[in-house]
Amino acid sequence: MLIDFKDNFFGGTRSNRFRIDGNFPTGGGFTDFHIRSTTIPNISSKTLSYDYFGRKFHYPGEKEYGTWSFQAWDDIGINNIWGQLQKWHDTINNHDTNVSDLLASHYKADNWIIQHLNLNGEDSTQTPVLKEFRLHGCWPAGIQQVTLNMGNPNTLNSFNVIIVFDYLEIMNVTTRT
C-alpha cells in the first residue's frame, strides 16, 4: 500500500508558490511580490434537469465563475496597490460626485494572469508553471479595510480585494503521463 502511494504521488503542490501579473486600466500595475495570498478562481456549471418518464435527467448548463480575491501588502511607494485600486474604483463610481467615467474610459482589465508554480519555481527538469489562468473583464467589486492597530508594531499591513471577472482561460495545466 505504501509503495503504491510512493509510486503514484509525485510530491504534491505548495500553496505558497504562485505568481500574479496584471495592469490597471487607469495606468500602473503591480508585481507579484505585492500579493500576499490568493486563490484559484471557482468554476462551476449549472445543472439543467428535465423530467422524462418519471425520472429526472441532468445535463450540464452554463458555466458560472465566482469572484476572485487576493490579499495585498499595503505598500507606500510608487507601486501603491491600494491607491491604484482606489483610483480604478473611483473611475467606476466617483466617491465625491457619484458619477461614473464608464463612457469616457474602459473600466475593465484584461489579461490578469494567475500562475501556480512548481516546488522550486524554476526547476529545469520540470515546467515551472503547473497551472495558469488568464482572467478577462476584471474589475474591483470590493477593496476591503486596512486594519490599523497600535498593538502590532512590527507587522506589515495587508488588505483583501474582491475581483469580478467575465470569464477565464485555462492556459496551461501540467500533467504527468
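Residues numbered from 1 in each chain as written. Predicted model: local features only at pLDDT ≥ 70, side-chain atom pairs only at ≥ 80, totals over all residues. Heavy atoms only, no water.

**Q** Describe the overall build of the protein chain, with residues and values.
**A** Counting secondary structure elements, the protein chain contains 2 helices and 11 strands. In the protein chain, the succession of α and β elements from N to C terminus is α-β-β-β-β-β-β-α-β-β-β-β-β. Classification of the 177 residues of the protein chain by burial places 26% in the buried group. Pairs at least 24 apart in sequence give 63% of the contacts found in the protein chain among residues at least 6 apart. (Helix = DSSP H or I, 4+ residues; strand = E, 2+ residues; numbered from the N terminus. Buried < 20%, exposed > 50% of the residue type's maximum accessible area, 1.4 Å probe, protein only. Contact = heavy atoms within 4.5 Å.)

**Q** Please give an account of the environment of Pro25 that cites residues and values.
**A** For Pro25, the location among the structural elements is in the loop between β1 (18-23) and β2 (29-30). A residue is classified by how much of its surface remains accessible, and Pro25, at 32% relative accessible area, is partly exposed. Pro25 has contacts with Trp88, His106, Tyr107, Lys108 and Ala109, leaving out every residue within four places of it along the chain.

**Q** How would you sum up helix α2 (residues 81-92)? Please name residues and give values.
**A** Think of an α-helix as turning once every 3.6 residues; residues three or four places apart then point the same way. When the terminal C-alpha atoms of α2 are compared, their 17 Å separation across 12 residues agrees well with the 16 Å that a helix rising 1.5 Å per residue should span. Ile81, Gln84, Leu85, Gln86, Trp88, Thr91 and Ile92 are the residues of α2 that are buried. Where α2 begins, one side-chain oxygen reaches toward the backbone nitrogen of Trp82, 3.1 Å away; that side chain belongs to Asn80. (Expected span 1.5 Å × (residues − 1). Polar contact = N/O pair within 3.5 Å; in protein donor to acceptor, adjacent residues only side chain to side chain.)

**Q** Run through the sheet that holds strand β9 (residues 139-143), naming residues and quoting values.
**A** Read from one edge to the other, the open sheet built from 4 strands follows the order β3-β6-β10-β9, with strand pairing classed as antiparallel. Strands at the two margins of the open sheet, each flanked by one partner only, are β3 (35-38) and β9. Averaged over all pairs of adjacent strands, the angle between their axes in this sheet comes to 30°, without regard to strand direction. (Pairing = 2+ DSSP bridges. Axes fitted to C-alpha atoms, helices over the stretch in contact; angles between N-to-C directions.)

**Q** Break down the nonpolar core for me, with residues and values.
**A** Within soluble globular proteins, side chains that are nonpolar tend to cluster in buried spots. Membership of the largest hydrophobic core comes to 23 residues, with the highest contact counts inside it found for Trp68, Phe70, Ile81, Leu85, Trp112 and Leu135. Secondary structure elements with two or more residues in this core: β6 (68-73), α2, β7 (112-117), β8 (129-136) and β10 (158-164). Of all the elements, α2 adds the most residues to this core, at 4 residues. In contact with Trp68, not counting residues within four places along its chain, are Ile20, Thr38, Thr39, Pro41, Trp112, Ile114, Leu135, Val161, Ile162, Ile163 and Phe165. (Core = buried A, V, L, I, M, F, W, Y, C linked by side-chain atoms within 4.5 Å.)

**Q** If you had to explain the pattern of salt bridges to someone new, which residues and values would you point to?
**A** Applying the stated criterion to the full structure yields 3 salt bridges. Residue Asp51 is joined to Lys56 by a salt bridge in which the shortest nitrogen-to-oxygen separation is 2.8 Å. Overall, Asp51 belongs to the exposed group, its relative accessible area being 60%. (Salt bridge = Lys/Arg side-chain N within 4 Å of Asp/Glu carboxyl O.)

**Q** Give a detailed account of the pairing of β7, specifying residues and quantitative values.
**A** Two faces make up the sheet, and in a regular strand the side chains alternate between them. Summarising burial for β7: 6 of the 6 residues are buried, a large majority. Here 4 bridges tie β1 to β7, and the two strands are oriented antiparallel to one another. By the bridge assignment for β7, Arg19 is matched with Gln115. When β7 meets β8, the two strands line up antiparallel, connected through 6 bridges. Opposite Leu117, over in β8, you have Val129 as the bridge partner.

**Q** Provide a residue-level description of the side chain of Gln115, including the pertinent values.
**A** Mapping Gln115 onto the fold places it in strand β7. Taking relative accessible area as the criterion, Gln115 reaches 12% and is therefore assigned buried. In terms of polar contacts, Gln115 uses its side chain to reach the side chain of Arg19, at 2.8 Å. A polar side-chain atom of Gln115 sits 3.1 Å from a polar atom in the side chain of Glu132.

**Q** How would you summarise a nonpolar patch on the surface if you had to cite specific residues and measurements?
**A** A cluster of nonpolar side chains, namely Leu48, Tyr50, Tyr52, Phe53, Phe57 and Tyr59, defines an oily patch on the protein surface of about 690 Å² accessible area. Of all the secondary structure elements, the ones that give two or more residues to the nonpolar patch are β4 (43-52) and β5 (55-65). When residues of the nonpolar patch are assigned to their parent elements, the largest contribution, 3 residues, is made by β4. Note on placement: Tyr52 falls in strand β4. (Patch = residues over 30% accessible without salt bridge, like charges linked within 9 Å, V, L, I, M, F, W, Y side chains within 5 Å. Areas by Shrake-Rupley, 256 points an atom, 1.4 Å probe, with all protein chains shown as cover.)

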